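# A look at the structure
Take a look at the letters that make up each chain.
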Amino acid sequence: MNVMGKILNGGFGILFAAVSALTLLSLTEVIGKHLGSVPLGILLAAILALAAYFLSAQYGRLEKLFGKRIGGDHAKADRIFCIMTALLLLLQIFFVLTVDFTPRNDLSYVCRGAENLIMGNDLHSGLPDRHQHYFAVYPNNHMLLLFVYGLYKIQFTLTGEISNTLPIILSLAGLNISYILMYKTAKLMYSPEKALTCAVKGLMFTPLITYTQFFYTDSIAMPWITGALYFYIKWRTSDSGSRTKSILNLIICGLLLAVAYKLKGSAIIFIPAAVIDMLFTRRKKLDKIISLGAIIAVFAAVCILLGGIAKSVVGINCEEMDKYRFPLVHWVMMSADGNGGYQYEDFMYTKSFEGYDSKISADMDRLSEKLSEQGAAGFGKHLLKKLTYTWRDSTFMANYYYKNSFLKSGLFIALTALCHFTLMLGIVRSYITKIKSKDDAMSAEFMPKLMFAGLTLFLLIWEARCRYLVSFFVLFALI
């Protein structure tokens, strides 16, 4: 078992090392364009890469430093973590007060839809013509609509006005809850000093600050995914003899995962990761079957329940959904060429067909055409381009969503790049060092590593962009 774990760790470690190298290489183009000088871009990118490599190598020393300071004392570790959490909150508040934010694109449609529900208008009133059936096309945004609608309703009832104050507070709370749950998960997996090291790594994940006002599915789903992993790891590290308590942890895990999935479909990678992880856990087969069944049963039941509630509140019937809803293959088709992200032409193509089955057939045909036109070699090049597009943007699109000159500056790009690539290279080290390590490759950290590998592969198939990594903050800090 341990040998298999080392093979899986090493294999993905090498793959992600290649991904990191590609994205670092492409960073020269980004910096070069920003500075108007390709040679200078290459030089600065090289300096950033070396700095990121150096910082990622310091995690072990930082852990030893914490070890000397706290001596394995959990209470001391918690006090230091409280200071880190307070620092994070101060940075978040400063960001909220100094950065101008107005919802745009999908988030603006969700906000408008929630406002329409409160004011008794048509759900799609005020949306662009191409999105007059938006919530039938994208049922994946129903859960976010419920959150925003509920918060708007509370504020409207109390003040007679609608603003984004409560949704921003929700986003801020979710980010901080995620940070706290990440630390609690790290304490279950590692020593107190290593948990503190994970907390430091977490502070390098810049969306914890820059997504405070951007209350879209990425940040709102984060605490639910983190919570699901926390309760899974709690089960993973618990006494296998305490079946009732273990099952309760998995029931809560399944519930949280269902909410996460209704907010962000990519949360589904948790399920296959859990299946693989359970295969290698040292528990009886019956315990594994019951445990996996508990997660899946609760997950499925809560998803169905939330889907029914959402349809009832949103007011979209099954006929309308069947007529306008985009099939899953649409996102695979759309990502099969270009940079692998959203493409307006593909959106309009799928939209032009009426009925769910017709859309599936049309998207399958278009996908086949794209693959045929590119050929094996061309599609291989496309996947490399898609990888760099997914992982390169260290700002996580913050400079797109906010009106602030600093967020568009070279200094901001350099700082976020340093943080982002330090985390990426640290992840590479964590995978590859398991090859020669005497530690158990199938320990509790195997689950986060499976999730991270699954996320990487999922975004290679699905529509991709760096923003889609935000919900999985916990993996960047733990690995």
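Preceding this section is the structure that the text describes.
Let me begin by describing the structure that accompanies this report. Since this is a predicted model, take the numbers as computed values, not measurements.

With that settled, the discussion passes to the overall build of the protein. Scanning the protein for helices and strands turns up 22 helices and two strands. The C-alpha atoms of the protein give 23 Å as radius of gyration, which agrees with the globular expectation for 479 residues (23 Å, within 12%). When the 479 residues of the protein are sorted by exposure, 52% land in the buried category. Of the contacts made within the protein by residues no fewer than 6 positions apart, 79% connect residues no fewer than 24 positions apart. Accessible surface for the protein amounts to roughly 20900 Å². Of this, 66% is attributable to carbon and sulfur atoms.

Inspection of the secondary structure assignment puts Lys370 in helix α18 (residues 356-392). A polar side-chain atom of Lys370 sits 3.0 Å from the main-chain carbonyl oxygen of Met333. For Lys370, the side chain forms a polar contact with the side chain of Asp337, separated by 3.0 Å. Residue contacts for Lys370: discarding those within four places in its chain leaves Met333, Met334, Ala336, Asp337, Gln343 and Asp346.

Right, let's get into a nonpolar patch on the surface. Together, Val3, Met4, Ile7 and Leu8 line one region of the surface with nonpolar side chains, adding up to about 360 Å² of accessible area. Topologically, Ile7 is positioned in helix α1 (residues 2-35).

As a further point, take α18. Helix length check: α18, at 37 residues, gives a terminal C-alpha distance of 35 Å against a target of 54 Å (1.5 Å per residue), a shortfall beyond 12%. Helix geometry: α18 is bent most strongly at Gly375, by close to 105 degrees. Of all the residues in α18, the buried ones are Tyr356, Lys359, Ala362, Asp363, Leu367, Lys370, His382, Lys386, Leu387, Thr388, Thr390 and Trp391.

We now examine the packing of aromatic side chains. Each aromatic ring pair is summarised here by two numbers: the centre-to-centre distance and the angle between the ring planes. Applying the stated rule across the entire model yields 38 aromatic pairs. Plain terms: the ring middles of Tyr134 and Tyr138 are 5.0 Å apart, the flat faces sit at 55 degrees to each other, and that makes the pair tilted. Tyr138 carries the same exposure label as Tyr134, and that label is buried. Judged by centre distance (5.4 Å) and plane angle (45 degrees), the rings of Phe205 and Phe473 are tilted. Taken as a pair, Phe205 in the loop between α9 (192-203) and α10 (207-210) and Phe473 in helix α22 (residues 473-478) lie far apart in primary sequence, 268 residues in all. Taking the relative accessible area as the measure of exposure, Phe473 reaches 0% and is therefore buried. Members of the aromatic cluster, joined through ring pairs, are Tyr109, Tyr134, Phe135, Tyr138, Phe326, Trp331, Tyr342, Phe347, Phe458 and Trp462. The aromatic ring of Tyr431 is capped on one face by Lys449, whose charged end is 5.2 Å from the ring centroid.

Cut-offs and rules
Per chain, the residues get numbers from 1 upward, laid out in the order the sequence is written. Two thresholds apply to this predicted model, a pLDDT of at least 70 for residue-level local features and 80 or more for giving and counting side-chain atom pairs, whereas whole-chain, interface and lining totals are computed over all residues. Just so you know, side-chain values use all the structure's heavy atoms and leave hydrogens and water out. Think of it this way: any DSSP run of H or I at least four residues long counts as a helix, any run of E at least two long counts as a strand, and we number them from the N terminus. Values of the radius of gyration come from C-alpha atoms, whereas the globule rule sets the reference at 2.2 Å times the count of residues to the power 0.38. Using a 1.4 Å probe on the protein chains alone, a residue whose accessible area is under 20% of its type maximum counts as buried, one over 50% counts as exposed, and one in between counts as partly exposed. Two residues qualify as a contact provided that any one of their heavy atoms is within 4.5 Å of a heavy atom in the partner residue. Methods summary: accessible areas were calculated by the Shrake-Rupley approach with a probe of 1.4 Å, and residue burial reflects only the protein chains presented. Side-chain atoms alone can form a polar contact between residues adjacent in sequence; in general such a contact is a pair of N or O atoms within 3.5 Å, and within protein one must be able to donate a hydrogen while the other accepts it. Each patch is built from residues that are more than 30% exposed by relative accessible area and take part in no salt bridge. Like charges join if they lie within 9 Å; nonpolar side chains (Val, Leu, Ile, Met, Phe, Trp, Tyr) join within 5 Å. The salt bridge definition used is simple: a Lys or Arg side-chain nitrogen within 4 Å of an Asp or Glu carboxyl oxygen. In a helix, the anticipated span is given by 1.5 Å times the number of residues less one. We define the bend at each residue as the angle formed by axes fitted to the 7 residues ending at it and the 7 residues starting at it. Pairing of aromatic rings covers Phe, Tyr and Trp, the last through its six-membered ring, and needs centres within 6.5 Å; plane angles under 30 degrees mean stacked, over 60 mean edge-to-face, and all others mean tilted. The criterion for a charge sitting over a ring is simple: Lys NZ or Arg CZ within 6 Å of the ring centre, and within 35 degrees of the ring normal.

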